[in-house]
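# Inside the fold
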Amino acid sequence: MTDLASQPGVIPYVDNHDGQRRLLVVDIPPFSANAVRHYAPIASIDGRQYVVSWGSVTFEIPADRNVHVSVHLQTNYATGVTSTPFASIVLAPHPAPVRLAMQFTTNAEGSLIPVG
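Residues numbered from 1 in each chain as written. Predicted model: local features only at pLDDT ≥ 70, side-chain atom pairs only at ≥ 80, totals over all residues. Heavy atoms only, no water.

A count of helical and extended segments in the chain gives 1 helix and 9 strands. Counted from the first residue to the last, the chain has its helices and strands arranged as β-β-α-β-β-β-β-β-β-β. A separation threshold of at least 6 residues defines the contact pool for the chain, and within that pool the share at least 24 residues apart is 60%. As presented, the chain carries roughly 6600 Å² of accessible surface, and 54% of it is formed by carbon and sulfur atoms. (Helix = DSSP H or I, 4+ residues; strand = E, 2+ residues; numbered from the N terminus. Contact = heavy atoms within 4.5 Å. Areas by Shrake-Rupley, 256 points an atom, 1.4 Å probe, with all protein chains shown as cover.)

Our next topic: the nonpolar core. Residues Leu24, Val26, Ile45, Phe59, Val69 and Leu112 are the most contacted members of the largest nonpolar core, which totals 25 residues. At the level of elements, β2 (21-28), β3 (40-45), β5 (55-62), β6 (67-74), β7 (86-91) and β8 (98-104) are the ones that each hand at least two residues to this core. Setting aside chain neighbours within four positions, we find Val26 in contact with Gly55, Ser56, Val57, Phe59, Val69, Val71, Leu100 and Leu112. (Core = buried A, V, L, I, M, F, W, Y, C linked by side-chain atoms within 4.5 Å. Buried < 20%, exposed > 50% of the residue type's maximum accessible area, 1.4 Å probe, protein only.)

To continue, consider the sheet that holds β3. What the 4 strands build is an open sheet, ordered β4-β3-β6-β7; its pairing is antiparallel. Since the sheet does not close on itself, it has two edges, and those belong to β4 (48-51) and β7, each with one partner. On average, each strand axis in the sheet is tilted by 20 degrees relative to the strand beside it, whichever way the strands run. Pairing of β3 with β6, which is carried by 6 bridges, proceeds in the antiparallel orientation. If you follow Ser44 over to β6, its bridge partner there is Ser70. (Pairing = 2+ DSSP bridges. Axes fitted to C-alpha atoms, helices over the stretch in contact; angles between N-to-C directions.)

Listed below in structure tokens is the structure:
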């Protein structure tokens, strides 16, 4: 475990990686009052999924290579196949911490936008 992963509230990077690491904060605000009741946010780092809470979540990620970050919403509300909002971004190598804001649209698509 690195020093970053030992900080309270930081989800450690669990895949094999011996290089430099940095912090990633993903802000996942609920886009409606119904979203909190009917959807669970799921963040993925390099394909590993984490069920997270609404709001801000902090991850430890590699700083010396590309990292794929995605967020989607899972629901069991209604019947049949339900399309849920999603977004994806590939972060380029960089030593500084990064913050992403999740924004959903009404057609089940979204975006992860760098903040700051």
